[in-house]
Amino acid sequence: AALLFLIPLAASAEQCPVTENSLVGAWERKSKSGFFEEMSFEIEGKQRLFNSWLHQRPEISGGTWKLENCTIFIAHPTEKNLSVEFVVLKASKNRIHVHEVGEKDISVYQLIK
């Protein structure tokens, strides 16, 4: 309930600090909390591909993602209940701050060069 006041700030696409293209690449978790240790967003044609790694081993391979209303929706390729939603709170050129829907902590990810 405490998060409700944050959502209208980033509700419109014009105010969202990220675009699909700015998310493309590999990201590494920099905060103590966060669902993924490392993750990547790719665009191949009309496909939005998502992969993640835990301890440098594949965790999710062949997932999909979409950015809608400043929320990143990540879908597991086979397990629907393993889907994740990240509300983007703020972003810079190489760092994003996200709130995982259903969790209380804010996670920070940095783009890996």
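Above this note sits the structure.
All of these numbers come straight from a predicted model, not from anything done at the bench.

The rules behind these values
- Every chain begins its residue count from 1, and numbering advances along the sequence as written.
- Per-residue local features of the predicted model are confined to residues with pLDDT of at least 70, and side-chain atom pairs are confined, for both listing and counting, to 80 or more; whole-chain, interface and lining totals are unaffected and use all residues.
- With hydrogens and water stripped out, all remaining heavy atoms of the structure feed into the side-chain values.
- Secondary structure elements follow DSSP: runs of H or I no shorter than four residues count as helices, runs of E no shorter than two count as strands, and numbering proceeds from the N terminus.
- Residue burial is assigned from relative accessible area. The probe radius is 1.4 Å, only protein chains are included, and a residue is buried under 20% of its type maximum, exposed over 50%, and partly exposed in between.
- Contacts described as polar in this section are N or O atom pairs within 3.5 Å, which, within protein, must combine one atom able to donate a hydrogen with one able to accept it, while residues neighboring in sequence count only if both atoms come from side chains.
- We call two residues in contact when some of their heavy atoms are within 4.5 Å.
- Disulfide assignment relies on a single distance test, namely cysteine sulfur atoms paired within 2.5 Å.

1. Thoughts on the side chain of His76
Thought 1: Topologically, His76 is positioned in the loop between β5 (71–75) and β6 (84–91).
Thought 2: You can call His76 buried: its relative accessible area is 14%.
Thought 3: A distance of 3.0 Å separates the side chain of His76 from the backbone nitrogen of Glu79, its partner in a polar contact.
Thought 4: Setting aside its immediate chain neighbours within four residues, His76 contacts Ile60, Leu82 and Ser83.

2. Describing the environment of Leu111
Thought 1: Looking at where Leu111 falls in the secondary structure, it is placed in strand β8 (residues 106–111).
Thought 2: Residue Leu111 is classed as partly exposed on the basis of its relative accessible area, which comes to 23%.
Thought 3: Placed 19 residues apart in sequence, Leu111 and Ser92 show a C-alpha to C-alpha distance of 10.0 Å.
Thought 4: Here Leu111 is in contact with Val24, Gly25, Ala26, Trp27, Lys93 and Asn94, once residues within four sequence places are set aside.

3. With respect to the state of the cysteines
Where two cysteines share a covalent bond between their sulfur atoms, that bond is called a disulfide.
Thought 1: On inspection of all chains with the given rule, the structure shows one disulfide.
Thought 2: Two residues share a disulfide in this structure: Cys16 and Cys70, whose sulfurs sit 2.1 Å from each other. What sets the handedness of the Cys16 and Cys70 disulfide is the S-S torsion sign, and at about 80 degrees it is right-handed. With a gap of 54 residues between them, Cys16 in the segment before α1 (20–23) and Cys70 in the loop between β4 (57–68) and β5 connect regions that are remote in the sequence. A single burial state applies to Cys16 and to Cys70, both of which are buried.

Fair warning: the whole summary comes from geometry, so function is off the table for now.
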